Amino acid sequence: MKIINRIDKMKTYARIMKKENKLIGLVPTMGYLHEGHLSIIRAARNQSDIVIVSIFVNPVQFGPGEDFEKYPRDINRDEELAKDCGVDIIFYPKKEDMYPEGFSTYVNVEKMTENLCGKSRPHHFRGVTTVVMKLFEIIKPDITYFGQKDAQQAYVIKKMIEDLNMDITMKIMPIIREEDGLAMSSRNIYLSESERKDASLVYESLKLAEGLIASGQANPKKIIKKMRDLLSEKPALNIDYISIVDTKTLKEVTTIEGEVLIAIAVFIGKTRLIDNIILLPSALLCEQKT
Ligand code: PAF
């Protein structure tokens with residue numbers, strides 16, 4: 001496994017691989033790899049000839065007062081984990097090379113980025129799509145992998161790929177959870193012992209919603225109310241949002257008739273956690289079974 005820091009070297013390597021007709025799989029990350037990332041990397045390993053993992057804590061997707069400085073970083077540990085998963089290249093660029101002085105070009109996906117996390121993190125997705133576009137331009141992957149854990153991010157990137165006619169296949173990989181259901185995230189490291197216990201309620205609230213929908217409840221307001229009631233049992237837990245949206249448009253639905261994404265963001269102490277579940281209404285589930 002090689003570590004490439006320089007953009008020009010990464011481009012040259014990727015171009016050579018392309019000439020050799022190798023299928024390039026790219027897994028973009030901000031590092032501090034956990035089982036969620038590793039499961040994605042393993043899928044990339046199975047499906048591509050060359051697996052490239054980018055590790056870059058992207059400053060432009062963090063807002064003022066967010067955790068850019070303290071975002072966990074451990075490149076040595078990441079190297080070991082990546083090597084064990086059969087990664088070929090870690091692309092680990094420097095901030096000053098990715099965003100040299102005078103950098104002023106951004107990629108923005110409209111509408112879909114305005115609700116859910118976009119409401120409380122207004123420039124976040126512009127930062128994500130900009131860096132992902134840069135990674136795509138540098139590496140020119142055939143396949144790229146993202147996790148469903150950041151569902152809005154995944155949908156936004158999918159839209160960018162479609163809208164800009166990019167020749168990249170995107171795969172969205174399932175959420176990997178701890179035993180008590182907490183979605184794996186690099187930010188879980190911030191949680192104190194008691195916060196960590198409370199955090200399991202986030203997934204419980206999603207399972208509650210799943211049960212309600214399966215038993216025929218189609219009114220999002222009623223479902224969200226029940227989820228809020230459950231979460232309010234833990235005073236340390238502050239809800240940023242709970243939203244039930246159409247999976248194609250990410251617009252809130254007034255009744256659950258087709259596939260929906262139930263997305264949630266909470267603060268536990270200073271840590272912001274997100275999670276989600278994709279569900280079909282009970283009527284469609286029955287149709288699928290027959
Ligand atoms: O999901 C992440 O880790 C980041 O948002 C990404 C996609 C690597 C862009 O910085």
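Look up: the structure comes first, before these words.
A brief look at the structure comes next. For every chain, the first residue of its written sequence is number 1, and the numbers climb from 1 along that sequence. The model is predicted, so local features are restricted to residues of pLDDT at least 70 and side-chain atom pairs to those at 80 or more, both for listing and for counting; the totals for chains, interfaces and linings are taken over all residues. The side-chain numbers reported here are obtained from all heavy atoms of the structure, hydrogens and water having been left aside.

Re the sheet that holds strand β7 (residues 237-246)
Now for step 1: Should DSSP find at least two bridges between two strands, the strands are taken to pair. Comment: elements are numbered from the N terminus, with helices defined as DSSP H or I runs of at least four residues and strands as E runs of at least two. With antiparallel pairing, 3 strands are arranged side by side in an open sheet as β7-β8-β9. Each edge of the open sheet is held by one strand with a lone partner, namely β7 and β9 (271-279). Between one strand axis and the next, the sheet turns through 15° on average, direction left out of account.
Now for step 2: Alignment of β7 against strand β8 (residues 260-268), held across 9 bridges, turns out to be antiparallel. From the neighbouring strand, Y241 faces β8, where its bridge partner is A265. To obtain each axis, a line is fitted to C-alpha atoms, and for helices this fit is confined to the stretch in contact; angles are then taken between N-to-C directions over 0 to 180 degrees.

Remarks on the sheet that holds strand β6 (residues 169-173)
Now for step 1: One open sheet holds the 6 strands; their spatial order is β1-β4-β3-β2-β5-β6, and the pairing between them is parallel. Of all strands in the sheet, those bounded by a partner on one side alone are β1 (2-4) and β6. Sheet twist, expressed as the mean angle between neighbouring strand axes with direction ignored, is 25°.
Now for step 2: Looking at chain direction, strand β3 (residues 50-55) and strand β4 (residues 89-91) are connected through 3 bridges and run parallel. Note on β4: the bridge partner recorded for V53 is I90.

A short note on the site of the ligand
Now for step 1: Taken together, P28, T29, M30, N58, Q61, V128, V131, F146 and Q153 are the residues near the ligand.
Now for step 2: The side chain of Q61 places a nitrogen or oxygen atom 2.6 Å from an oxygen atom of the ligand.
Now for step 3: Areas reported as accessible are Shrake-Rupley estimates using a 1.4 Å probe. Residue values count occlusion only from the protein chains shown. Notes on the ligand: free accessible area 290 Å², of which the protein chains cover 88%.
Now for step 4: Each residue belonging to the shell around the ligand can be placed in one class, and the counts come to 5 nonpolar, 4 polar and no charged. Near is defined per residue: the residue qualifies when any heavy atom it owns lies within 4 Å of the molecule or strand. Side-chain atoms alone can form a polar contact between residues adjacent in sequence; in general such a contact is a pair of N or O atoms within 3.5 Å, and within protein one must be able to donate a hydrogen while the other accepts it. Here the term charged refers only to Asp, Glu, Lys and Arg, the term nonpolar to Ala, Val, Leu, Ile, Met, Phe, Trp, Tyr, Cys and Pro, and the term polar to all other amino acids, Gly among them.

Let's talk about the side chain of T271
Now for step 1: Here T271 is to be found in strand β9.
Now for step 2: A relative accessible area of 4% places T271 in the buried class.
Now for step 3: In what follows, residue pairs with any heavy atoms lying within 4.5 Å of each other are defined as contacts. Apart from the residues within four sequence positions on either side, T271 is in contact with R187, Y190, L191 and V266. Exposure is judged per residue with a 1.4 Å probe applied to protein chains only, and the accessible area is read against the type maximum: over 50% gives exposed, under 20% gives buried, and values in between give partly exposed.

Some points on the packing of helix α8 (residues 193-214) against helix α9 (residues 220-231)
Now for step 1: In contact at an axis separation of 9 Å, α8 and α9 are set at 150° when each is read in the N-to-C sense. In terms of orientation, α8 and α9 fall into the roughly antiparallel class. Relative to α9, the crossing made by α8 is right-handed. Of the residues in α9, those in contact with L201, V202, E204, S205, L206, L208, A209, L212 and I213 of α8 are I223, K226, M227, L230 and L231.
Now for step 2: Looking at the contact of α8 with α9, its residues break down into 11 nonpolar, 1 polar and 2 charged. Roughly parallel means an angle under 35 degrees; roughly antiparallel means over 145; roughly perpendicular covers 65 to 115; every other angle is labelled oblique. What makes a crossing left-handed is the near helix being turned counterclockwise from the far one by less than a right angle; a clockwise turn instead makes it right-handed.

So, the packing of aromatic side chains
Now for step 1: Only rings of Phe, Tyr and Trp enter the pairing, Trp through its six-membered ring, and a pair is recorded when the two centres are within 6.5 Å. The plane angle decides the type: under 30 degrees is stacked, over 60 is edge-to-face, the rest tilted. Within the structure shown, the criterion is met by 5 aromatic pairs.
Now for step 2: Centre to centre, the rings of F56 and Y99 are 6.2 Å apart; their planes meet at 35°, and the pair counts as tilted. With a gap of 43 residues between them, F56 in the loop between β3 and α3 (75-84) and Y99 in the loop between α4 (95-98) and α5 (117-120) connect regions that are remote in the sequence. In this structure, F56 and Y99 share a single accessibility class: buried.
Now for step 3: Relative to F68, the ring of F62 has its centre 5.4 Å away and its plane inclined at 65°; by these criteria the two rings are edge-to-face.
Now for step 4: Relative accessible area serves as the criterion here: at 15%, F68 is assigned to the buried category.
Now for step 5: Note on geometry: a ring has a charge over it if NZ (lysine) or CZ (arginine) is within 6 Å of the ring centre and within 35 degrees of the ring normal. Seen from the ring of F68, R73 lies directly overhead, with NZ or CZ sitting 5.0 Å from the centre.
Now for step 6: Across the ring face of Y99, the terminal group of K134 is positioned such that the distance to the ring centre comes to 5.7 Å.

What about the packing of helix α1 (residues 7-19) against helix α6 (residues 124-139)?
Now for step 1: Where α1 meets α6, the axes come as close as 8 Å, and the angle between the chain directions of the two elements is 55°. As far as their axial angle goes, α6 and α1 are oblique. Only E137, I138 and I139 of α6 make contact with α1, whose side of the interface consists of I7, M10, K11, A14 and R15.

Describing the side chain of T247
Now for step 1: Structurally, T247 can be placed in the loop between β7 and β8.
Now for step 2: Relative accessible area serves as the criterion here: at 7%, T247 is assigned to the buried category.
Now for step 3: At a separation of 2.8 Å, a polar atom in the side chain of T247 contacts the side chain of E259.
Now for step 4: When residues no more than four places from it in sequence are discounted, the contact partners of T247 are Y155, E259, V260, L261 and I278.

So, the nonpolar core
Now for step 1: Throughout, nonpolar core names a set of buried Ala, Val, Leu, Ile, Met, Phe, Trp, Tyr and Cys residues whose side chains join them through atoms within 4.5 Å. Judged by nonpolar contacts, the single largest core of 45 residues is most densely connected at M10, I52 and F136.
Now for step 2: Broken down by secondary-structure element, the contributors of at least two residues to this core are α1, β2 (24-29), β3, β4, α6, α7 (151-163), β7 and β8.
Now for step 3: If you tally residues by element for this core, the top one is α6, at 9 residues.
Now for step 4: Once residues within four sequence positions are removed from consideration, F136 is found in contact with L26, P141, T144, F146, I157, M160, I161, M166 and I168.
Now for step 5: Formed by 28 residues, the second largest nonpolar core is a distinct cluster that contains L212, V260, I268 and L279.

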